[in-house]
Amino acid sequence: MSARRWRRRLTSGAMTGLVGALSFLAVLALVLILGDLIAKGASSLDWSFFTHNPVPAGETGGGVANAIVGTAIVVGLAAVIGLPVGIGTGLYLAEYGSGRLGWVVRFVADVLNGTPSIVIGIFAWTWLVKPMGHFSGFAGSLALAVLMIPMIARTTEEMVRLVPHSLREAALALGYPRWRTSLRVVARTALAGIVTGCLVGVARIAGETAPLLFTALGNLNFSTHVLEPMQTLSLQVFVYATGPFDEWHRLAWAAALVLMGLVLLLSLAARWAVRQRSHGSAR
Amino acid sequence: MAAPADARLRLETVRLTALYGRRTAVKDVSILFPAHTVTALIGPSGCGKTTFLRCLNRMHELSEGGWVTGRVLLDGQDIYEAGVDAVRLRRRIGMVFQRPTPFPTMSIYDNVAAGLRVNGGRSRGELDAAVERALTQAALWDEAKDRLRASALDLSGGQQQRLCIARALAPEPEVLLLDEPTASLDPAGTQRIEELCHELKTRYTIVIVTHNLQQAARVSDYTAFFYLGELIEVGRTEALFTTPAREQTEAYITGRFG
Amino acid sequence: MTTLPIEPVAAAEPRWQALRGANAGDRLYRAALTALALTLPLLLFALLAELVASAWPAMRRFGVPFLWTSVWDPVAGVFGAAPMIFGTLASSLVALALAVPLALGVAIYLTEFAPKWLRQPVAFLVELLAAIPSVVYGLWGIYVLIPFLRGHVVPALRAALGWTPFFDGVFYGNSLLAGSVILAIMIVPYIAAVSREVLLAVPASQREAAVGMGATRWEAVWTAVVPYGRAGLLGAGILGLGRALGETMAVTMLIGNRHDIGLSLLQPAYTMAAAIANEFSEATTDIYLSALFEVGLILFVVTVVVNALARLLIWRVARGTAVGSRAL
């Protein structure tokens, strides 16, 4: 083989190795972060961590019970508002979205999807916190819902569009009215994908902090009142991580681990949802 | 042909023209489909026979830019008249497509019952009876009766197509439109469905689009030859195949083009 | 026109009544869905209106020089956003420079070289990076990344490049460098995912043609596949830029939050998003708040433009599929 050919072969091998190494680096970053979370946070996870509220600054101990409940409430409320609107918008885009309004809605969804969440946060502050005169978990939920809706709308539309046209025609030829075709046949077929999109969306907003800084604000006490400031895991991690006490730093790792666990659980559930429905494919 | 006891119906088109936007796909076709007969629509690809078929149950207008002029009379009434609900019409005219399209999230039973449920108001017992009747008519009952709750996707291609036929038959339409129903099936499946056409015509009026001239000859009482959107010739099948009146018909049948 | 020679049949009793009907269900469904869909344009309109209205006092007071003035004095009520704008651009561009080779490498590896059984797991793991909340990145950044930079990276950089203005000054930890590195890690999964889809959309014939001409495996990829998807890959990079511009939590925890323009990566800096996060609750005067809203407006406009550009480029290669618009 000529020297030139040898060199090209070598380069090819080297570059293959390089891209493999780069991929390894990327995976390594993930492993390091998750590993550190577990290493530094797991030891603090005891029963009292999950059931107690934060103790006054400077003292040791305490937990994140208020943050866990707060996350559940704020995220749950955001989902209750955001999922129906998002799915409905997605169905609209898939069923009737080929006209001008459909184009506008799709464009707006893409713009909002790319908007920094802090901007959504100050938007929610102006429209909800300022008129109400105080911070509230409810305002936080609405900010998160605004983040969620365009995301869910696009994934829903995508999943519904994947349903073959022939299925829709078969239903229509049977005498199904359009609304029933859209819901009972098309959306039902796309259901697994829609659910996946919803779970991914919820996982995304569960980790959000920026939009909550000026809406839910955070609360060191236990509160389930949505019209009062509310604590979430993400806010808790932020306060503890940037605080001056070592004790707080220790708790920050633990809270971050819990938050990451929640996000991971939702992401895995999303993947599982797709796998469940793909059995029994047509031959 | 034996005349059943109930009143006889017929389908008729009067100067039917079907367009996509400004492009004409079917030109000025007037044809009668007598009750309890099988009429085959033949012609080369793109001659408009499928478009024409889809006009008969108002599926054509669901295509991008699809519209028609002319009339289609079901039992004397123009289905394109203002005020006619296309959804209700399609419950009286059933359609089976080229590729089997069972509803993937439904069981065999639910697939067949789908057209009945949309009409509402039937008890469990009535549904059971209707599903059995439809599956029997589609020659699928024996193979399916023990696994009605199984997913429709567990069936083979030929079985799925018969399932789609059963699904179309369950609401007891008056007319059955078949768009190349055996195109994606193997010879055994094809034969089964051709036999079905013979059995079904005692109850229904059937219009079948087919690419396969032998199939048209085997299955139909009347044959209509389409070319470039126009109806060239129509007549009793044996007559059309042995002594076609038009030159184009003869050229197509003898395989000189198409 | 030919007619069928048949015997006339007895006319059946007209059943035309059964065909008539209105379709209320369809109309209702469409109206309901349309109403839901209208919330999005309404929201965007409200967002823009509110941003402009709240930023207006500052816009009127400071005019266009707001973009290049460096003074940020809440007490005197004089504000200029130049340091934040500089910091946003600098951190995002450095992050991009670090992330693109990494992400592109991952994308190429996954589509061209990785053994089949490895593809799904590795892709999944890289996607998981996108699921990590920003605040968790910030936490890890403060207590793991910065010590690592301080202990191993900065001394090396200073030794090699300390003579340049980019690596001079004391390194206290919170710095443009730390912010950029964490941003880089955060945007890698987005760039990688979109790049992967772009590369998958390149027709196989491209690669086959190159191999047919005697190219090595790498050459086929680098000279045939990658250039074909060039526009889309550029779009993926710009999408990553768009994401970096808007990142808030991790950046504000690592970048130092100082209103300063400097060339050195080792110095603290500021970004628009971090400034809003940091100072919004402290804004006691109306003009202070309005200045922050103006920063928000600038940030909004910049990210919208960058994202639109990215999507245009990606769409060119992927031809209208939903590449890039999917939430990760």
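Keep in mind that what you see is a predicted model, and the values were worked out from it rather than measured.

Basis of the calculations
- Residues numbered from 1 in each chain as written.
- Chains lettered and ligands numbered in written order.
- Predicted model: local features only at pLDDT ≥ 70, side-chain atom pairs only at ≥ 80, totals over all residues.
- Helix = DSSP H or I, 4+ residues; strand = E, 2+ residues; numbered from the N terminus.
- Rg over C-alpha atoms; globule rule 2.2 N^0.38 Å.
- Buried ≥ 20, exposed ≤ 12 C-beta atoms within 10 Å, placed from the backbone.
- Pairing = 2+ DSSP bridges.
- Right-handed = clockwise from strand over helix to strand, strands pointing away.
- Contact = placed C-beta atoms within 7 Å.
- Nonpolar A, V, L, I, M, F, W, Y, C, P; charged D, E, K, R; others polar.
- Domains from an automatic or database assignment.
- Expected span 1.5 Å × (residues − 1).
- Core = buried A, V, L, I, M, F, W, Y, C linked by C-beta atoms within 7 Å.

Caption draft 1: Inspection of the overall build of chain A at higher detail. Along chain A, the regular secondary structure elements total 11 helices and 0 strands. Written out in order from the N terminus, the α and β elements of chain A read α-α-α-α-α-α-α-α-α-α-α. Computed over the C-alpha atoms, the radius of gyration of chain A is 24 Å, more than 25% above the 19 Å expected from 2.2 N^0.38 for a compact globule of 283 residues. Principal axes of the C-alpha set define a box for chain A whose edges measure 70 × 70 × 35 Å. For chain A, buried positions account for 54% of its 283 residues.

Caption draft 2: Focus on the pairing of strand β7 (residues 175–179) of chain B. Residues and elements named next belong to chain B. Of all 5 residues making up β7, 5 are buried, and the element is well covered by its neighbours. Because side chains alternate across β7, one face comprises the buried residues Val-175, Leu-177 and Asp-179, and the other comprises Leu-176 and Leu-178, equally buried. Note: β7 against strand β8 (residues 205–209), 5 bridges, orientation parallel. Bridged to Asp-179 within β8 is Val-209. Crossover connection from β7 via helix α7 (residues 187–200) to parallel β8: handedness right-handed.

Caption draft 3: Quick peek at the interface of chain A and chain B. Contacts between the two partners involve 18 residues from chain A and, on the opposite side, 24 residues from chain B. Listed by contribution, the elements that provide at least two residues to the side of chain A that touches chain B are α7 (165–173) and α8 (178–189) of chain A. The element contributing the most residues to the side of chain A that touches chain B is α7 of chain A, with 6 residues. Here the residues of the side of chain A that touches chain B sort into 9 nonpolar, 5 polar and 4 charged.

Caption draft 4: Fine view of unusual backbone geometry. Residue and element names in this part refer to chain B. In this structure, Asp-75 takes a positive phi of about 55° despite not being glycine. For Asp-75, the position within the fold is in the loop between β4 (66–74) and β5 (77–78). Although it is not a glycine, Glu-180 adopts a positive phi angle of roughly 45°. You can see Glu-180 is positioned in the loop between β7 and α7. The class for Glu-180 is buried, based on 20 C-beta atoms found within 10 Å.

Caption draft 5: Representation of the domain arrangement of chain A within the structure. Residues and elements named next belong to chain A. Each domain of chain A was delimited in the assignment, giving domain 1 (3–44) and domain 2 (50–277). Of note, the centres of domain 1 and domain 2, computed from C-alpha atoms alone, are 32 Å apart. Of the residues lining the interface, 6 residues belong to domain 1; the matching set on domain 2 comes to 7 residues. Residue composition of the side of domain 1 that touches domain 2, grouped by class: 3 nonpolar, 2 polar and 1 charged.

Caption draft 6: Structural detail: α8 of chain A. Compared with the 16 Å implied by 1.5 Å per residue over 12 residues, the 15 Å span of α8 of chain A between its first and last C-alpha is a close match. Among the residues of α8 of chain A, those classed as buried are Arg-178, Arg-180, Thr-181, Ser-182, Val-185, Val-186, Ala-187 and Thr-189 of chain A. Among the structural elements, α3 (65–96), α6 (137–161), α7 and α9 (191–206) of chain A together with α1 (24–62) of chain C are those in contact with the buried residues of α8 of chain A.

Caption draft 7: Local environment of the nonpolar core. Counting residues in each nonpolar core, the largest one holds 283 residues, and the members touching the most others are Val-237, Ala-255 and Ala-256 of chain A together with Val-188 and Ile-191 of chain C. Inspection of this core shows a minimum of three residues originating in each of domain 1 (3–44) and domain 2 (50–277) of chain A. Val-188 of chain C has contacts with Ala-26 of chain A together with Ala-99, Leu-102, Ala-103 and Leu-129 of chain C, leaving out every residue within four places of it along the chain.

Caption draft 8: Fine view of the interface of chain A and chain C. With 77 residues of chain A at the contact, the number on the chain C side is 71 residues. A total of 18 residues in the side of chain A that touches chain C trace back to one element, the largest contributor, which is helix α1 (residues 3–41) of chain A. Its residues placed into classes, the side of chain A that touches chain C shows 48 nonpolar, 20 polar and 9 charged.

Caption draft 9: Broad picture of the environment of Asn-53 of chain A. Residue and element names in this part refer to chain A. As for its placement among the helices and strands, Asn-53 is situated in the loop between α2 (47–51) and α3. Judged by local crowding, Asn-53 falls into the partly exposed class, with 17 C-beta atoms found within 10 Å. Separated by 46 residues in the primary sequence, Asn-53 and Gly-99 have C-alpha atoms spaced 53 Å apart. Contact partners of Asn-53, with chain neighbours within four places excluded, come to Gly-62, Gly-63, Ala-65, Asn-66, Asn-221 and Phe-222.

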